[in-house]
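# An overview of the molecular structure
Below are the chains, spelled out letter by letter.
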Amino acid sequence: MVSCVYVESSVKHHERTLRILARFKNAPVVEIEHHGEVFNPSAQNFRLQKSNPALILAHKNNRHALPTPEGYGLGGKHNFYFSHMLNCLYDCRYCFLQGMYNSAHQVIFVNYEDFDDDITQICAQHQSEPVWFFSGYDCDSLAYEPVTQFANFFVPAFKKIDNAWLELRTKSTQVRQLLKHEPCERIITAFSFTEQHSHDKLEHGVPSIEKRIDAMRLLVEAGWPIGLRFDPIVYHENYQASFSHLLETIFSIIDPNCLHSVSLGAFRLPKNNFRQVNKLYPDESLFHQNLVLDNGIVGYPLAQEEEMMRYCEQQLLQHIPTHCYQPCKWHE
Ligand code: SF4
């Protein structure tokens, strides 16, 4: 449930706004000029908002698709991200979104057609080469699908551009809309997993591992390509056995030959995001582990990171073909 829906005046008659409002008939609706009035002010109580967020329906004016930050590591030669939504339904303690914005309210930019126009234009500039787009940078791509109808719009939009590739990154089970469409080899749904202990402790509101594996199975059976993201790997006494168990559980159901890509990365956060999230949750034991600052990133010391990556990599490569494996290492 949302506590309130704020609507920018410029989109109050937008078809997508009206459809979303119809889902929240009991929520108070407040008209605003710009989402920044509600979303940007500092000194907001992030934790309180996170437990009772408002929804903000807004118009994204420009910069609909942007180059991915350097070292993003996945994709191809041309990589972009776009955000139809800011913030996430779920509440993962390690998530960099926790420290990203002043507000925990959820913003949906309803003018999908403008994102589509920019994506089409960017692809036209690289006609002979694949161009990758990532939609899970500022939110979970699919978690809010029943409200946003994001995939329902963008799947056909990407299908019509021959050199456009899309990664939908998710921890949700919201695959129903995807299953209504014919599969496309250029649209990859990448499911993120941490092992059971970290899931229980750190991923508040995220569906169970079993339910997400089942969602993957449905996509695979329908012919959709999927990816796996084991990121972040979080250290605890039993992480090795727990990670191996996670792999066994997944690959007892999912055929590794159906995988488009698999990535692996140890816990890390950009320095400023770490500072923010640590301020929000000072008692969180994750932030009191043996962490170091290196090149603007806070994470495990190099030797520990290497050891964790080595172990997890070894386990992973017993299940998956090497060609789809992509490690995410951050120490310089
Ligand atoms: S599901 Fe992803 S985007 Fe959402 S809180 Fe967790 S890590 Fe962040």
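In the block above lies the structure referred to throughout.
What counts and what doesn't
Residues numbered from 1 in each chain as written. Predicted model: local features only at pLDDT ≥ 70, side-chain atom pairs only at ≥ 80, totals over all residues. Heavy atoms only, no water. Pairing = 2+ DSSP bridges. Helix = DSSP H or I, 4+ residues; strand = E, 2+ residues; numbered from the N terminus. Core = buried A, V, L, I, M, F, W, Y, C linked by side-chain atoms within 4.5 Å. Buried < 20%, exposed > 50% of the residue type's maximum accessible area, 1.4 Å probe, protein only. Contact = heavy atoms within 4.5 Å. Axes fitted to C-alpha atoms, helices over the stretch in contact; angles between N-to-C directions. Parallel < 35°, antiparallel > 145°, perpendicular 65-115°, else oblique. Left-handed = near helix turned anticlockwise from the far one by under 90°. Salt bridge = Lys/Arg side-chain N within 4 Å of Asp/Glu carboxyl O. Disulfide = S-S within 2.5 Å.

## Quick notes on the sheet that holds strand S14 (residues 259-266)
Judged by pairing direction, the sheet is mixed, and its eight strands sit side by side in the order S4-S5-S9-S10-S11-S13-S14-S18 without closing on themselves. Edge positions in the sheet fall to strand S4 (66-67) and strand S18 (325-328), since each has one partner strand and no second. With six bridges joining them, strand S13 (residues 226-233) and S14 adopt parallel strand pairing. By the bridge assignment, Ile 233 is partnered in S14 with Ala 266.

## Looking at the nonpolar core
Residues Phe 82, Ile 108, Phe 133, Phe 193, Phe 230 and Ile 250 are the most contacted members of the largest nonpolar core, which totals 106 residues. In contact with Ile 250, other than residues within four places in its own chain, are Phe 193, Ile 213, Met 216, Leu 228 and Phe 230. One finds Leu 66, Tyr 81, Tyr 137 and Ile 188 within the second-largest nonpolar core, a separate group that totals eight residues.

## Remarks on the pairing of strand S5 (residues 78-81)
Covered by surrounding structure in S5 are His 78 and Phe 80 together with Asn 79 and Tyr 81, the residues of both alternating faces. Looking at chain direction, S4 and S5 are connected through two bridges and run antiparallel. Bridge pairing in S5 places Pro 67 opposite Phe 80. Of the strand pairs in this sheet, S5 and strand S9 (residues 131-134) are connected by four bridges, and their pairing is parallel. Looking at S9, one finds that Phe 80 is bridged to Phe 133.

## Points about the packing of helix H10 (residues 239-251) against helix H12 (residues 302-317)
At a minimum axis distance of 10 Å, the contact between H10 and H12 shows a crossing angle of 30°. By the angle between their directions, the pair H10 and H12 is classed as roughly parallel. Here H10 runs over H12; the crossing is right-handed. Two secondary-structure elements touch here, H10 through Tyr 239, Gln 240, Phe 243, Ser 244 and Leu 247 and H12 through Glu 307, Met 308, Tyr 311, Cys 312, Gln 315 and Leu 316.

## Section: the pattern of salt bridges
Enumeration over the complete set of coordinates arrives at twelve salt bridges. The closest approach of N and O atoms between Arg 217 and Glu 221, which form a salt bridge, is 3.0 Å. Within this pair, Arg 217 and its partner Glu 221 are both found in helix H9 (residues 209-221), separated by four residues, close to a single helical turn. Of the residues examined, Arg 217 reaches a relative accessible area of 25% and is grouped as partly exposed. Taking the relative accessible area as the measure of exposure, Glu 221 reaches 56% and is therefore exposed.

## Looking at the state of the cysteines
Counted according to the given criterion, the structure contains zero disulfides. Of the cysteine sulfurs around Cys 324, a residue in no disulfide, the closest is that of Cys 258, at 11 Å.

Just distances and angles here, no functional claims.
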